[in-house]
Amino acid sequence: MPRILTVGVAQLGPIPRSQSRPEVVARLIAMMEDAARMGCDLIVYPEAALTAFFPHWTITDPEELDSFFEAAMPNNTAQPLFNAARRLKIGFHLGYAELAVEDGRKRRFNTAILVGKDGEIIGKYRKIHLPGYDAPRPGEPFQNLEKMYFEVGNLGFRVWEAFGGRIGMMICNDRRWPEAYRVMGLQGAEMMLLGYNTPVHNPAMPETDDLGNFHNHLVMQAGAYQNGSFVVGAAKAGVEEGVDQIGQSCIIAPSGEIITQCTTLGDELQVARCDLDLCNSYKASIFNFARHRRPEHYGLIIERTGSGSVLGR
Ligand code: ING
C-alpha cells in the first residue's frame, strides 16, 4: 500500500504592515479550504506567515518589536486556523515570530510548527541559521536584522513520525546549509518542510541578484536528492513593504526533480501527491549512509590536500 501524502504548498503574497492578523489568518484559511477541496493532508505556509517580514526594517521600540511576535501558539488570532484544520481534517506547517519566557527571561525566536489533522501541535523548530546582521546597516535599501531580533534556535533539527512518514522542518536560510538537510537525513526524514522570505536583491552580494531563483531551487533540490527526501518550500513573495521577494514555491521529489511550483508572486496553492516510498530506494542504495558515508575519513582527505586551515576554521 503506497504511503501517499498529498501536500499543498501555500505561497503567500505580501503581508502589508497595515494588514491585521485576523485578515492574514483569513487568507490562510481560504487557502486551507482550497487545499482540503483538492484532497490535501497537509498544507505548508511560509516563514513569518502572520506578519510582514519585519527584520527588513529597523525597530528600536521594544513594544513595537513585540507586536510582531506571538506570545502563545495557538492564541486568539491563530485559533481560527487551528479550528479550520480540525474541521477540514488537514494538518499544517506555519512559520511565525515566537516570544517565549524560558529560564526566567524573554526569548525571541524565528519559529515553525507542525500541526496535525486534529489541530494539535506535533512539533516545533526554531531557526538556527540566522542570516543578516545584529545592527542596522545605514544606507542600505532594506535591512536583515534577524541576528538582532531573534536568538539562534535551541531545539536542533528534529524529525517527527507524522502523516504516515518522517517529517522534519527548517526555516529559510537553513536551506542554504547542507547540514540542515543532513542532520534530518540521518534521522530518516522523508519530507522536509520550510518557508522563506527571500529578497531578490541581496545588499551584501548584489552580484547574485539575478541568481536568486536559481540558488533557491538549487539548494532545495540538492538537499532533497542527497538525503532521499521530499522538500517543500513555501515563499512569502512579491513586493512586501518595498522589498521585492522571490516566489517559485515548490514541492521537490527525492530525485531532486521539482514536482510542482508556483508561477505567480501572490497567494497561490500548488498540490502534489507525494508517495513517501519513493524515498526508500535513494536511502537504501545511492545514499545508504551506513554503507557508503565515511565521515571518519573526511579529515584525512583534507589533511592530504594541505588545506589544514580548513580543519581549523
Ligand atoms: N532570508 C534570506 C534567505 O536565506 C538571503 C537571506 C537573502 C540570503 C538574499 C541570500 C540572498 O533566503 C532569510 N529570511 O533567511
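All values reported here derive from a predicted model rather than from experimental measurement. (Residues numbered from 1 in each chain as written. Predicted model: local features only at pLDDT ≥ 70, side-chain atom pairs only at ≥ 80, totals over all residues. Heavy atoms only, no water.)

Undergrad: Even after reading the chapter, I still don't get the packing of aromatic side chains, so can you show me in this structure?
TA: The description of two aromatic rings rests on the distance between their centres and on the angle between their planes. All chains considered together, the criterion is met by 11 aromatic pairs. Taken together, a centroid distance of 5.9 Å and an interplanar angle of 70 degrees make the contact between Trp57 and Phe68 edge-to-face. One end of the pair, Trp57, is in the loop between strand S2 (42-44) and helix H2 (62-66); the other, Phe68, is in the loop between H2 and helix H3 (79-88), with 11 residues separating them in the sequence. Here the two residues Trp57 and Phe68 agree in accessibility, since each one is buried. Taken together, a centroid distance of 5.2 Å and an interplanar angle of 20 degrees make the contact between Tyr125 and Phe157 stacked. (Phe/Tyr/Trp six-rings, centres within 6.5 Å; stacked < 30°, edge-to-face > 60°. Helix = DSSP H or I, 4+ residues; strand = E, 2+ residues; numbered from the N terminus. Buried < 20%, exposed > 50% of the residue type's maximum accessible area, 1.4 Å probe, protein only.)

Undergrad: Would you explain a nonpolar patch on the surface in this entry?
TA: The grouping of Leu211, Phe214 and Leu218 at the surface amounts to a nonpolar patch, some 270 Å² of accessible area in total. When you line up the elements, Leu218 lands in helix H6 (residues 212-226). Assessed through its relative accessible area of 40%, Leu218 is described here as partly exposed. (Patch = residues over 30% accessible without salt bridge, like charges linked within 9 Å, V, L, I, M, F, W, Y side chains within 5 Å. Areas by Shrake-Rupley, 256 points an atom, 1.4 Å probe, with all protein chains shown as cover. Salt bridge = Lys/Arg side-chain N within 4 Å of Asp/Glu carboxyl O.)

Undergrad: Help me out: how do you make sense of the sheet that holds S2 in this one?
TA: Either a parallel or an antiparallel arrangement is found when strands of a sheet pair, and the pairing is made through backbone hydrogen bonds. Within the open sheet, the six strands sit side by side as S5-S4-S3-S2-S1-S14. Their pairing is mixed. The sheet terminates laterally at strand S5 (121-126) and strand S14 (268-275), the two strands that pair on one side only. On average, each strand axis in the sheet is tilted by 35 degrees relative to the strand beside it, whichever way the strands run. In this sheet, strand S3 (residues 91-102) lies alongside S2 in parallel orientation, the contact comprising three bridges. (Pairing = 2+ DSSP bridges. Axes fitted to C-alpha atoms, helices over the stretch in contact; angles between N-to-C directions.)

Undergrad: Can you help me understand the nonpolar core in this one?
TA: In summary, soluble globular proteins display a tendency toward joint burial of nonpolar side chains. Grouped together as the largest cluster of nonpolar side chains are 45 residues, with contacts concentrated most on Met191, Leu193 and Met220. Contacts of Met220, omitting those with residues within four sequence positions, involve Arg175, Tyr181, Leu194, Tyr196, Val231, Gly233, Cys250 and Ile252. (Core = buried A, V, L, I, M, F, W, Y, C linked by side-chain atoms within 4.5 Å. Contact = heavy atoms within 4.5 Å.)

Undergrad: Just to check I follow, could you spell out the pattern of salt bridges for this structure?
TA: When their charged atoms lie close together, side chains carrying opposite charge are able to pair. Applying the stated criterion across every chain yields a total of 24 salt bridges. A salt bridge links Lys127 to Glu146; the nearest nitrogen and oxygen atoms lie 2.8 Å apart. With Lys127 in the loop between S5 and helix H4 (146-149) and Glu146 in helix H4, this residue pair connects regions lying 19 residues apart in the sequence. Classification of Glu146 as buried rests on a relative accessible area of 2%. Through salt bridges with shared partners, a single network forms among Glu98, Glu102, Asp103, Arg105, Arg107, Lys124, Arg126 and Glu151.

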